[in-house]
Amino acid sequence: MHWQTRARLTKWILGAVTIGFLAYQWLPILTLSVLSFSGPDGGTTFPMNSVSLHWYRELLFASALSDFKPPIGRSLALALACSVTTAVLALAAVQAMRARFRGYNIFFYLILLGIMAPGLLVGFGVAIVARIMDWQLSLWTSAYLVHVAWTLPFGFLTLLAVFNRFDRKLEEAALTLGANRWTAFRRVTFPLVLPGIIGAALFGFTLSYDEFARSLFTTGINLTLPLSVLAQFDRQLTPTLYAIGTATTFFSLLAVGCSAMLILLVRRLTRGSVR
Amino acid sequence: MSTIRERSPAAYLLALPAALWMTAAVVVPSMLILWVSFWGGRRFTWENHLVLDNYARFFRNETYVGLIGETALQAAKIMAITGVLGYCIAYFLAVMVTRNSVRLTLFLILVIPFWTSAVIRSIAWIPFLGVNGVINQALMFLGLTDAPVEIFLYSRTGISMAQVSLYTLLAAGPVVYMLRNVPNQLREAAMCLKAPPIVVFWRIVFPLTLPGVIIGQVLVFLNVMADFATVAAIGGNKQALLGNLVLLFYDSGQLRYAAVVGVMLMLSMLVGVVVALRVVDIRRLGE
């Protein structure tokens, strides 16, 4: 076979594998969304038995047992808190890393540990701590603690990449022109890395919002959304779950989209002001 | 010169909150799991003396010990599938797609599910896998089988299918990054020296991207080892891996045994990571 034919063949095969996998990855999510619009007597699989918003209405006017509104509120509040905490702590941590303080290597690995350590063990460990100390597990103590330990490393890595890339000459110029370090940071560094900070906050939000394993051990009686979805799934699988799944997936995508827009916007604005 | 002085004392103050947070949430709890796994006595207090009884009970039960092997086997299976699949996808995205806009679009389609809930993504497999599920409907429509096949739901096959869709991204991502950093001149130099494409790939490109492969494999390994949610959602109560055993003991209040299984899980993960780090130096990745 001629090498060009062979190269083209490889390209086609790898392309087919890629497209095939993307389809494989997305089909369940898309099927879920389609089925969530099935009629009142639609089941959990095809055929759909007509098209309606019945299951979304169920979601809105649900009985106390399968009411997803309080868990959604809790998940949103926790995710928001995690996103802010992640952005602040990650920014401080990365700025500290730049000073190459004694032990900054260990510090780096300590933070990365949060990604490596499985949620199952971290959650279980914190539950044990609470048990030994006779502390009550709750959303705003144990769950918050564990969630931030999961989201912080991602924000940290995002910001580390951003700080490694931005043009240091701009900082140096500000300092040479007589700005003190704090002013230079506030007026030059901060606007430059703001897209990264938004990225870190986004990571904090979505990772916390979707977290399951860590929440399972640490939230106590007030369930978050993923927990109550799985609890409902254990009781009975109904298209209501498809509806909430579709809604929350859509919401996640919306959050990602908004953050991407925000990052682009900030980038455009700061480019003008720094120059 | 930068906005923070080298070895400035302020750096410690800035680093302290994050360091304390990670210590309190990750390091201390992990240590406590180890400690509690050795506890004797009946009450759950500090003063318990340390014994090996909990471990003895774990290792006397062949089902439990077998579960370690089964979990490792499942991890190996998913690592192999996602490794090959992930490399093909990464190679296509990073090398073969020449238009930047197409590459970005495909990459986003690949990555976006990572920002959605894994629980929802697991549940989304249910309408596919059931006896009346989409796969069986398709198989019967194509005339490949007369009666529904029951091997998908509540089975290892179904769990693996879902895990592959969840974790291939982890295997592909680092490879994409490494492939983008392979300078084109190296390829051209090898080709000028008359190396056929397959030799260029195996002798030049693949060794340079090996760190990415290993990082991806470690991520997949860690995730599969500790994955109990996918197993529980798709396997129902018919399938269990090591992670589910932790939860089982925890729910029945047997915290010491849950801790023992947790330690087993930690040990097997540690072995996996240490093996991987012997192959590749993770710190040189940023260079």
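Treat the numbers as computed from the prediction; the structure is a model and nothing was measured.

Let's shift gears to the overall build of chain B. On a plain count of helices and strands, chain B comes out with 13 helices and zero strands. Reading chain B from its N end, one meets helices and strands in the order α-α-α-α-α-α-α-α-α-α-α-α-α. With respect to the principal axes defined by its C-alpha atoms, chain B has extents near 75 × 75 × 35 Å. For chain B, with 287 residues in total, the buried portion stands at 52%. Looking at chain B alone, contacts between residues at least 24 apart form 66% of all its contacts between residues at least 6 apart. As displayed, chain B offers around 14300 Å² of accessible surface, 67% of which is attributable to carbon and sulfur atoms. The averaged location of the 12 negative side-chain charges in chain B is 8 Å from the averaged location of its 20 positive side-chain charges.

Below, the discussion takes up the packing of helix α3 (residues 69–98) of chain A against helix α8 (residues 181–210) of chain A. All names here are of chain A. Relative to each other, α3 and α8 sit at 140°, their axes nearing to 8 Å. Overall, the two elements α3 and α8 adopt an arrangement that is oblique. Read as a crossing pair, α3 and α8 show a hand that is right-handed. When α3 is examined against α8, the residues S75, L76, L78, A79, L80, C82, S83, T86, A87, L91, Q95 and R98 are found in contact with a partner set consisting of F185, T189, F190, I197, A200, A201, G204, F205, S208 and Y209. Across the contact of α3 with α8, the residue classes break down as 14 nonpolar, seven polar and one charged.

Under the criterion given, the structure shown has 33 aromatic pairs over all chains. With centroids separated by 5.8 Å and ring planes inclined at 45°, the aromatic side chains of F249 of chain B and Y257 of chain B adopt a geometry described as tilted. Across this residue pair, the class does not change: F249 of chain B and Y257 of chain B are buried. Feature note: the residues F101, F107, F108, Y109 and F156 of chain A together with Y12 of chain B constitute an aromatic cluster, connected by ring pairs. In this arrangement the basic side chain of R57 of chain B is found over the ring face of Y257 of chain B, its NZ or CZ atom lying 3.8 Å from the centre.

The packing of two helices is summarised by the inter-axis angle and the distance between the axes. Two elements in contact, helix α5 (residues 119–133) of chain A and helix α12 (residues 242–251) of chain B, have axes separated by 11 Å at closest approach and are oriented at 20°. Taken together, the axis directions place α5 of chain A and α12 of chain B in an arrangement best described as roughly parallel. As α5 of chain A packs across α12 of chain B, the resulting crossing turns out to be left-handed. Between α5 of chain A, through L120, F124 and A127 of chain A, and α12 of chain B, the contact on the second element is made entirely by G243, V246 and Y250 of chain B. Within the contact of α5 of chain A with α12 of chain B, the residues separate by chemical class into five nonpolar, one polar and no charged.

Attention now goes to the interface of chain A and chain B. Many structure descriptions define interface size as the accessible area lost when the parts assemble. Residue-level contacts link 89 residues of chain A with 81 residues of chain B. Here chain A packs against chain B, burying approximately 7800 Å² in sum over the two surfaces, 80% of which is carbon and sulfur. Here chain A and chain B share zero salt bridges between them. Counting the contacts that link chain A with chain B gives seven residue pairs in polar contact (both at pLDDT 80 or more).

In this structure, D134 of chain A takes a positive phi of about 60° despite not being glycine. You can see D134 of chain A is positioned in the loop between α5 and α6 (139–165). Accessibility expressed as a relative area gives 70% for D134 of chain A, which makes it exposed. One non-glycine residue with positive phi stands out, namely K194 of chain B, at about 70°. Within the secondary structure layout, K194 of chain B lies in the loop between α9 (184–192) and α10 (197–226).

Bringing the nonpolar core into the picture now. In summary, soluble globular proteins display a tendency toward joint burial of nonpolar side chains. One finds F124, I128 and V229 of chain A together with L129 and I234 of chain B to be the most contacted residues of the largest nonpolar core, which totals 73 residues. No other element matches the nine residues that helix α13 (residues 255–279) of chain B contributes to this core. Not counting chain neighbours up to four residues away, the residues in contact with I128 of chain A comprise L32, I33, V36 and F44 of chain B. Judged by nonpolar contacts, the second largest core, of 51 residues, contains F203 of chain A together with M96, I214 and A226 of chain B.

Our focus in this paragraph is the confidence of the model for chain B. For chain B, per-residue confidence averages 85 on the pLDDT scale, and residues scoring 70 or more make up 97% of the total. In the predicted assembly, ipTM is 0.86 and pTM is 0.87.

What follows concerns the environment of L76 of chain A. Residue and element names in this part refer to chain A. Positionally, L76 belongs in helix α3. When the C-alpha atoms of L76 and I221 are compared, they prove to be 17 Å apart, with 145 residues separating the residues in sequence. With sequence-adjacent residues up to four places away left out, L76 is seen in contact with F205, Y209 and F251.

Together, F37, V51 and L53 of chain A give the surface a local cluster of nonpolar side chains, amounting to about 290 Å² of exposed area. For F37 of chain A, the position within the fold is in the loop between α1 (3–35) and α2 (54–60).

Looking at the assigned domains, one finds that chain A contains domain 1 (1–26) and domain 2 (67–274). Centre-to-centre separation of domain 1 of chain A and domain 2 of chain A, based on C-alpha positions: 37 Å.

With that settled, consider α12 of chain B. All names here are of chain B. Within α12, eight of the ten residues are buried, which leaves it mostly tucked inside the rest of the structure. The set of residues buried in α12 consists of L242, G243, N244, L245, V246, L247, F249 and Y250. Immediately beyond the C-terminal end of α12, within one or two residues, lies G253, with a positive phi of roughly 75°.

Right, let's get into the pattern of salt bridges. Residues and elements named next belong to chain B. Within the structure shown, the criterion is met by three salt bridges over all chains. Residue R156 is joined to E70 by a salt bridge in which the shortest nitrogen-to-oxygen separation is 3.0 Å. You can see R156 sitting in helix α8 (residues 156–180) and its partner E70 sitting in helix α3 (residues 62–96), a full 86 residues away along the chain. Judged by relative accessible area, E70 falls into the partly exposed class, the value being 35%.

Calculation rules
Residues numbered from 1 in each chain as written. Chains lettered and ligands numbered in written order. Predicted model: local features only at pLDDT ≥ 70, side-chain atom pairs only at ≥ 80, totals over all residues. Heavy atoms only, no water. Helix = DSSP H or I, 4+ residues; strand = E, 2+ residues; numbered from the N terminus. Buried < 20%, exposed > 50% of the residue type's maximum accessible area, 1.4 Å probe, protein only. Contact = heavy atoms within 4.5 Å. Areas by Shrake-Rupley, 256 points an atom, 1.4 Å probe, with all protein chains shown as cover. Lys, Arg positive; Asp, Glu negative; His and termini not counted. Charge placed at Lys NZ, Arg CZ, Asp CG, Glu CD. Axes fitted to C-alpha atoms, helices over the stretch in contact; angles between N-to-C directions. Parallel < 35°, antiparallel > 145°, perpendicular 65-115°, else oblique. Left-handed = near helix turned anticlockwise from the far one by under 90°. Nonpolar A, V, L, I, M, F, W, Y, C, P; charged D, E, K, R; others polar. Phe/Tyr/Trp six-rings, centres within 6.5 Å; stacked < 30°, edge-to-face > 60°. Lys NZ or Arg CZ within 6 Å of the ring centre and 35° of its normal. Buried area = accessible area lost by both parts, 1.4 Å probe. Salt bridge = Lys/Arg side-chain N within 4 Å of Asp/Glu carboxyl O. Polar contact = N/O pair within 3.5 Å; in protein donor to acceptor, adjacent residues only side chain to side chain. Core = buried A, V, L, I, M, F, W, Y, C linked by side-chain atoms within 4.5 Å. pLDDT = per-residue confidence, 0-100. Patch = residues over 30% accessible without salt bridge, like charges linked within 9 Å, V, L, I, M, F, W, Y side chains within 5 Å. Domains from an automatic or database assignment.

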